[in-house]
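# Summary of the model geometry
Single-letter residue listing:
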Amino acid sequence: MSIGAAVRRVRTYGGQFLLLAVLTLVVTLLVSGVPRLVNRLAEQGLREQLISEPAARRDISYTSGAGTAGESVMADVRERFDALGGQLPPRVSSAVADRWYSVDALPGRVKGPDLAARNLMVDLGLRAAPGVREAGTLVEGSWPNDTVVADRPIEVAIDADVARKVNLRAGSQLQLGAIDPTTGALDDPIPVVVAGLFRPADRADGVWDGLPPLLRVTEPRGDGEPFIIVGVVAEAALSKRAAAGWPVSANWRYRLGVDRIDARYLDQLIDDLQQVQRDAPTGLTLTQGVDVPLRSFAAQVNAARTLLAVIAAGVFATLAGLVVLAATLATRRRRAEFALLRARGGAATAGARRSLAESLLVVPVAAALGWWLGTLFPGDPDPTAPYAAAATVLVTLALPLATLAVPAGGAARRDLIRMRPSARRLTVEVSLLLLAGLAAVLLRRRGLTLGEVDPLLVSVPVLLAVAVAVLALRAYPWPLLLVSRLAARTRGSVAFLGTARAGRSAVAAPLVVVVLAIGTAAFCGVVAAGVDASRDRAAEQSVPADALIRGERFAPDTVDALTRLPGVRAVTPLVSEPDQRLTADALGTNAELRRVTVLLVDGPGLESVSRESEVDLPIPSALRAARAEPGALPAIVSPAVAADLTRAGLADSAFITVQGQQYEFRTAGTAQSFPLLSTSASRFVILPSQALPARNTTPVPTSLLVAGDRLDPEALRQAGDQGQLRYQQTGAVTGRERPIGATVDTRAHVRRVLGDGGANGVLAFGFVAGAVGGTVLGLLAIAFTVLAGARARGQVLSRLRTLGLSRRQWRGLLLVELTPLVAVSVLTGALVGAVLPLLLNPVLGLSAFTSGVPVRVAFEPSLVAAVLVLGAVALGFAVAVEALNNRRLRLGEVLRLGEES
C-alpha cells in the first residue's frame, strides 16, 4: 500500500478527514491548554487574595522570651537566624522572599524636658535591626553611632512622625529606667539622646514590622497608661545593655513571597507549614497565619478543580462521540469501496489497514498542532502529555475500527426501527443502566475527594447522561408512531410522511452525543445559578440589611443620629456578646455547660429593617411576638446548646449574662444558623431585646443594622464613631479604654467580595467553558445527525419533487421530520443537566465559594426559556445544514441505483 495512494484518497475525501483533524486538534488543544489556563487563573486569584491580606500575615515568626543575655547577643541571634532558616522544609524555604531579625530591649519609662512640656507619659523600647539604615532616610540628625563610648548616652533614632506626636526632636535629652512603684521616680535611670529622625523609604517594607511598631505610636489602653514608642539603636549599644542585665527578646521573621507560592502545590505547602508548627524549637514562640488564607484558597481551588473535572468528563465524552460519528459517517460514505475491496479478494482487515494509513497521515499532525497551540496558553503546564498521546491513538484508531464494522455484504435498509431490540442490544443497554446506577450509588456513598480525580466517580454524569439517552431512545418511536397513525387519517402527505420518517430514523448514536453536550451545558448553567443564589443568601446572612455598623458600644441616641442621615429609612440596634457563661440559676451556679455567643435582637425592628432592605429574612415567631412579661424570656438556641440544656434539665429555665446583667430564658426553638453569626457558629442563644425586663441599666448596642438607599459608608462610620465616643463620655458607666473605630459593611460589598475574590476566576471559567462548549458541541452533534441521514432524505426529496411536491411542502416535511429529533435531544439533555446537580451538589464542596453557606440547587425558570431558545436555534441550524447539503447534491446523483444513506 503506497503512501501516494493514501495521500490521493485523503485529498479525495478531504472534507471528512478535515473534520477528523479538527476534532483531533480540539481535543489535544484542550488537554494541553486548559490546564495551563486554569493554573494561570488560580495563580492570579491566589496572588490577589494574598495581596489583600496584611503583608505581615505571610510571616513565619519566631520570638524568644524576654530574658538576660550576654554581650554576644547579636552574634548569637545572627547565628540562630541562619539556623532557623535552614530548618524550614524545602517547599517553605523556596517560598521565602524576605527575612529579617531584630533584638528588642523591653520598653522602659522615659522622662525629659520635651516630654514634660506636654505632660506626656511615654515608654521607650530599643531595637537593633540590621537593614533599618538602608530602608530609611534621615531627615534630621544622624544615625546612632556604632561605636559605644563609656559614660555617653545611648543614641537612638526615631521615626519623624512618631517623634512629632510625642514632642521629640534630634538632640532631645531623655532618662530611661524602670518606675519605682512607691515614689513614681525612675529607678537607676540611664541617659538617652535622640541622635536623629528618619522616614521610611517604603512603609510596606517588612523591616519596619514588629511589636511594638517602629513607625507609629501605640496609644494608651486606658487612663493613666503610657504611650509606647520604639527607637533604633546600634547593635553594639544593645549588646552593652544586654550585658548589663537588661531583659531582651529576639525575633526572627521569614516572609513568604506572593510570587513564590505555587497554586498547584498548596496542599503540600500547608502540610509543610504544619510541620514547621510541630517542629518549633523549645523556648521559642512560633507565630504564623499564612496557612489560614492558604487553606481557604486551597478549599476553593480543590472544589473548582473537581467541578472542572466533572465538566471536562462531559466535554471529552461529547468529543469522543463526535469522533465516532465522524468516523462512522466517513466509513458509510465509502462502504461501496470497502465492499469492492473485499470482493476482489482483499482480507477482512484490508479496509482497516487502508483507513489506518490514511489516519496516520492526518491525525498525528493535527494532534501535534493542537498540542503546540495549547502551549501558547498562559500558565504553568500540567503533566498531561500522556493523556494527549492516548487521545491521539484513540482518534487514529477510530476510522479503522469503524471500517471493521462495515458489513461484508450489501447494506441493509437503515430506515427501519425494530420496536423490539435484539438480545445483544438489550443486554448492552441494561448493563449500561445498571453501571450508571451503581456509579451513582458509589458517588453518594463515597463522595469525591476534592482536588483529586476519581475516573469512575467523575464519569458518573457521563454514564447517567448516556443511560437517560438510552431510555429516551426506547421511548422515542412510540409517541411518533401514534402521531403518524393520526396523521394518516388527515388530508395531506406532509405530516404523515414527516412523522413516519422521524419514527423510522436511526438516531441512536447522534442522540446520545447531543444529550451529553446539552446536559453538560445545562449542568453548568444550573450549578452557576445555584452558586449565585447561595452567595446572595450568604451576603444576607452576614448583613441582613443594607449596611451593618459594628463597634464596641454605641450610645442609645446613635439610632436617632443615623436616621437623620440622607437615605436612611430604618435602623435597629443589636447586642452581640461572645463567650458568655450559661448558669443554672441567678446565683451563677454552673451546670458544666460550655460557653455560648449571645445575640439580643429586636424582633419587630429586625423584621422591619430586613423588609425595608428587601431581604427575605425568616425570623422565628418566638422573637417577633415576644413581649415584656414575667418569667423566662423565649430564646432561639442552636441544636448543640439545646442538647446541653436538655441534658442538664434547664430547657425551661437557664440564665445568661449580658453586659453584667443576668437574664432568665427558656428554649422556645432551635435553629442551625442565624443571621449576623458566622456559618461555623455552633453554640449561640438568641434573645428578643424588646421583651427584656425593665431594669436600671439595659444592654448597650454593639451593632446597628441600617436600611436605606445610596448609603454613604463613610458617613455611617463617622456616625458610629461619634456614637461610641458619646457612650464613653456620657454613658452611665464611663469606659476607660479608647473605643476601636467602628466598621461598616454593606451587603452589596459583601456580595461583591464573595463573587470576585479567591478562586472565583477558575470557577467562572469552568461554568462559561462548559456552557459554551456544551452548546457548540451539541449543535455540531445535531449537524452530524442531519448529515447522517441527509442522502436518504435527498433521495426521498428528489422522488417526491418528481411527483409534484412543492418547495414549501418540502420545507414543511423537513421541519416535521427534524423537530421530534431536535426536541427529544435538547429536552433530554436539559433534563439531565437539571437533575445532575441534585446528585453531585453535596459532594462538590462549592460552599467554599459561598462563605460556608450550603449551595442549594433548585429548578431555574430561566432554564425553560434557555431550552426553548436553544431548541429553536438547534432546529434552525439543522434545517440550514440540510438545505446546504441538498444544494451540494445533484438530483441525478441522489437517485442512482444502490445509493445509500
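Computed from a predicted structure; not experimentally measured.

### Brief notes about the overall build of the chain
Each helix and strand counted, the chain has 30 helices and 20 strands in total. Expressed as a percentage of its 901 residues, the buried residues of the chain come to 48%. Counting only contacts in the chain whose residues sit at least 6 apart along the sequence, the fraction spanning at least 24 positions is 82%.

### Concerning the packing of helix α14 (residues 423-446) against helix α16 (residues 460-475)
At their nearest, the axes of α14 and α16 sit 9 Å apart, and the two run at 140 degrees to each other. Taken together, the axis directions place α14 and α16 in an arrangement best described as oblique. Here the hand of the crossing between α14 and α16 comes out left-handed. From α14, Arg 425, Glu 429, Leu 432, Leu 433, Leu 435, Ala 436, Ala 439, Ala 440 and Leu 443 reach across to α16, where they touch Val 460, Leu 463, Leu 464, Val 466, Ala 467, Val 470, Leu 471, Leu 473 and Arg 474. Of the residues contributing to the contact of α14 with α16, the split by class is 15 nonpolar, no polar and three charged.

### A closer look at α16
Taking 1.5 Å of rise per residue, the 16 residues of α16 would be expected to cover 22 Å, and the 23 Å separating its terminal C-alpha atoms lies within 8% of that figure. In terms of residue burial, α16 counts as a mostly covered element, since twelve of its 16 residues are buried.

### Things to note about the confidence of the model for the chain
Interpreting fine coordinate detail is not advised for predicted regions of low pLDDT. Chain-level pLDDT for the chain is 84 on average; 88% of the residues reach the 70-or-more range. Across the chain, the element-wise mean pLDDT spans from 49 in helix α30 (residues 891-894) up to 94 in strand β5 (residues 154-159). Scored below 50 in pLDDT, residues 732-736 shows eight contacts in the model against residues more than four places distant or in partner chains. Between residues 896-901, whose pLDDT stays under 50, and residues either more than four places distant or in other chains, the model counts 13 contacts.

### Comments concerning the pairing of strand β10 (residues 284-288)
The alternating pattern of β10 places Leu 284, Leu 286 and Gln 288 on a buried face and Thr 285 and Thr 287 on a face that is not buried. Judged from the five bridges that link them, strand β1 (residues 59-64) and β10 form a sheet pairing that is antiparallel. Within β10, the residue paired with Ile 60 across the bridge is Gln 288.

### Section: the packing of helix α10 (residues 291-333) against helix α13 (residues 385-404)
Two numbers describe how α10 lies on α13: the axes approach to 9 Å, and their chain directions differ by 40 degrees. Of the possible angle classes, the one that applies to α10 and α13 is oblique. Considering how the two elements wind past one another, α10 and α13 form a crossing that is right-handed. Two secondary-structure elements touch here, α10 through Val 323, Ala 327, Thr 328, Ala 330 and Thr 331 and α13 through Val 395, Ala 398, Leu 399, Ala 402 and Thr 403.

### Some words on the packing of aromatic side chains
Summed over the entire model, instances satisfying the criterion amount to five aromatic pairs. Taken together, a centroid distance of 6.3 Å and an interplanar angle of 80 degrees make the contact between Tyr 62 and Tyr 254 edge-to-face. On the criterion of sequence distance, the pair formed by Tyr 62 in strand β1 and Tyr 254 in strand β9 (residues 248-256) is long-range, its members being 192 residues apart. As far as burial versus exposure is concerned, Tyr 62 and Tyr 254 are alike and both buried. When the ring of Trp 143 is compared with that of Phe 198, the centres are 5.4 Å apart and the planes differ by 25 degrees; the resulting orientation is stacked. Residue Trp 143 is located in the loop between β4 (136-141) and β5, and its partner Phe 198 is located in strand β7 (residues 186-200); the two are separated by 55 residues in the primary sequence. Pair check on accessibility: Trp 143 and Phe 198 agree, each one buried. Through a chain of ring-to-ring contacts, three or more aromatic side chains come together here, namely Tyr 62, Phe 81, Tyr 101 and Tyr 254. The ring of Trp 246 carries Arg 241 above its face, with NZ or CZ at 4.8 Å from the centroid.

### Observations concerning a nonpolar patch on the surface
The grouping of Leu 356, Leu 360, Val 393, Leu 397, Leu 401 and Leu 404 at the surface amounts to a nonpolar patch, some 520 Å² of accessible area in total. No other element matches α13, which puts four residues into the nonpolar patch. In this fold, Leu 401 is placed in helix α13. Relative accessible area serves as the criterion here: at 56%, Leu 401 is assigned to the exposed category.

### Observations concerning the pattern of salt bridges
A pair can form between side chains of opposite charge whenever their charged atoms are brought close. In total, this model carries 29 salt bridges according to the counting rule given. Ionic pairing is found between Asp 104 and Arg 127, a salt bridge with its closest N-O pair at 2.7 Å. Of this pair, Asp 104 sits in strand β2 (residues 96-111) while Arg 127 is found in strand β3 (residues 122-128), placing the two residues 23 residues apart along the sequence. Asp 104 gets classed as buried once you look at its relative accessible area, which sits at 11%. Of the charged contacts, one joins Asp 209 and Arg 255 as a salt bridge, the two residues approaching to 2.5 Å between their closest N and O atoms.

Reading guide: rules and limits
- Residues numbered from 1 in each chain as written.
- Predicted model: local features only at pLDDT ≥ 70, side-chain atom pairs only at ≥ 80, totals over all residues.
- Heavy atoms only, no water.
- Helix = DSSP H or I, 4+ residues; strand = E, 2+ residues; numbered from the N terminus.
- Buried < 20%, exposed > 50% of the residue type's maximum accessible area, 1.4 Å probe, protein only.
- Contact = heavy atoms within 4.5 Å.
- Axes fitted to C-alpha atoms, helices over the stretch in contact; angles between N-to-C directions.
- Parallel < 35°, antiparallel > 145°, perpendicular 65-115°, else oblique.
- Left-handed = near helix turned anticlockwise from the far one by under 90°.
- Nonpolar A, V, L, I, M, F, W, Y, C, P; charged D, E, K, R; others polar.
- Expected span 1.5 Å × (residues − 1).
- pLDDT = per-residue confidence, 0-100.
- Pairing = 2+ DSSP bridges.
- Phe/Tyr/Trp six-rings, centres within 6.5 Å; stacked < 30°, edge-to-face > 60°.
- Lys NZ or Arg CZ within 6 Å of the ring centre and 35° of its normal.
- Patch = residues over 30% accessible without salt bridge, like charges linked within 9 Å, V, L, I, M, F, W, Y side chains within 5 Å.
- Areas by Shrake-Rupley, 256 points an atom, 1.4 Å probe, with all protein chains shown as cover.
- Salt bridge = Lys/Arg side-chain N within 4 Å of Asp/Glu carboxyl O.

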